[in-house]
Structures are given as C-alpha cells and as structure tokens.
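Summary of the model geometry
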Amino acid sequence: RWRCRVNAAVVALKKLYGPTASELASGLPGIGSELQERCDDMSADPTPDACERLASSLDVARRHVLRLRERLLAERRKGKKNHES
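Only a predicted model underlies this, so the values are computations on that prediction, with no experimental measurement involved. (Residues numbered from 1 in each chain as written. Predicted model: local features only at pLDDT ≥ 70, side-chain atom pairs only at ≥ 80, totals over all residues. Heavy atoms only, no water.)

All right, on to the pattern of salt bridges then. For side chains of opposite charge, pairing can occur when their charged atoms come near one another. Inspection of every chain in the model, using the stated rule, returns three salt bridges. Across the pair arginine 38 and glutamate 34 runs a salt bridge, and its minimum N-O distance is 3.7 Å. With arginine 38 and glutamate 34 both in helix H3 (residues 28-44) and four residues apart, this pair spans about one turn of that helix. The partly exposed category is assigned to glutamate 34, whose relative accessible area is 37%. Residue arginine 69 pairs with glutamate 70 through a salt bridge whose shortest N-O separation is 2.7 Å. Since its relative accessible area comes to 45%, arginine 69 is described here as partly exposed. (Salt bridge = Lys/Arg side-chain N within 4 Å of Asp/Glu carboxyl O. Helix = DSSP H or I, 4+ residues; strand = E, 2+ residues; numbered from the N terminus. Buried < 20%, exposed > 50% of the residue type's maximum accessible area, 1.4 Å probe, protein only.)

The structure is reproduced here in structure tokens:
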C-alpha cells in the first residue's frame, strides 16, 4: 500500500514539473526528422499548404527547444541549491 502512495506521488510530481531535460532532449531527433520531411516536401512541391505545415513544425520545434532551455536552467538552479546546502 505504501508503494502505491509513493508511485501516485511520483506521478503527481511528474505532472506538476513536467519532463526532465534529458527526456525533452531525447525528443529532438524526432523533431529534426519531421522538419527534414517537411523541408523535403517543400522542395519537391512548394505549395501554400506545404508552407503552412513547415511553419507549424518550426513553431513546435521552437517551443520544444525553449521548454528544454527552461528545464535545463531549472535543473541547474536546483543543482546549485543542493550543492550549497
């Protein structure tokens, strides 16, 4: 029973704090592949729809990288705080 409560607490904290920096970083190759695919589509058949899809994918990539940046900074601050204690 105790283990179930601990697992529930871990799940709740993960929802609160989100993925770790390493989890976010592990998603970068997939984002890169999607961007490459969109660029290839644009090169082969440049249409307004292809432009929109590429722009959308670029926006997703930008937000993901900024989220990774924030997580890296938060983890760095946490590391310094733990180091000072």
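Within the secondary structure, histidine 64 sits in helix H4 (residues 48-84). At a separation of 2.8 Å, a polar atom in the side chain of histidine 64 contacts the main-chain carbonyl oxygen of leucine 24. The residues touching histidine 64, leaving out its near neighbours within four places in the chain, are Leu24, Leu28 and Ile31. (Polar contact = N/O pair within 3.5 Å; in protein donor to acceptor, adjacent residues only side chain to side chain. Contact = heavy atoms within 4.5 Å.)

That is the geometry; function is a separate question.
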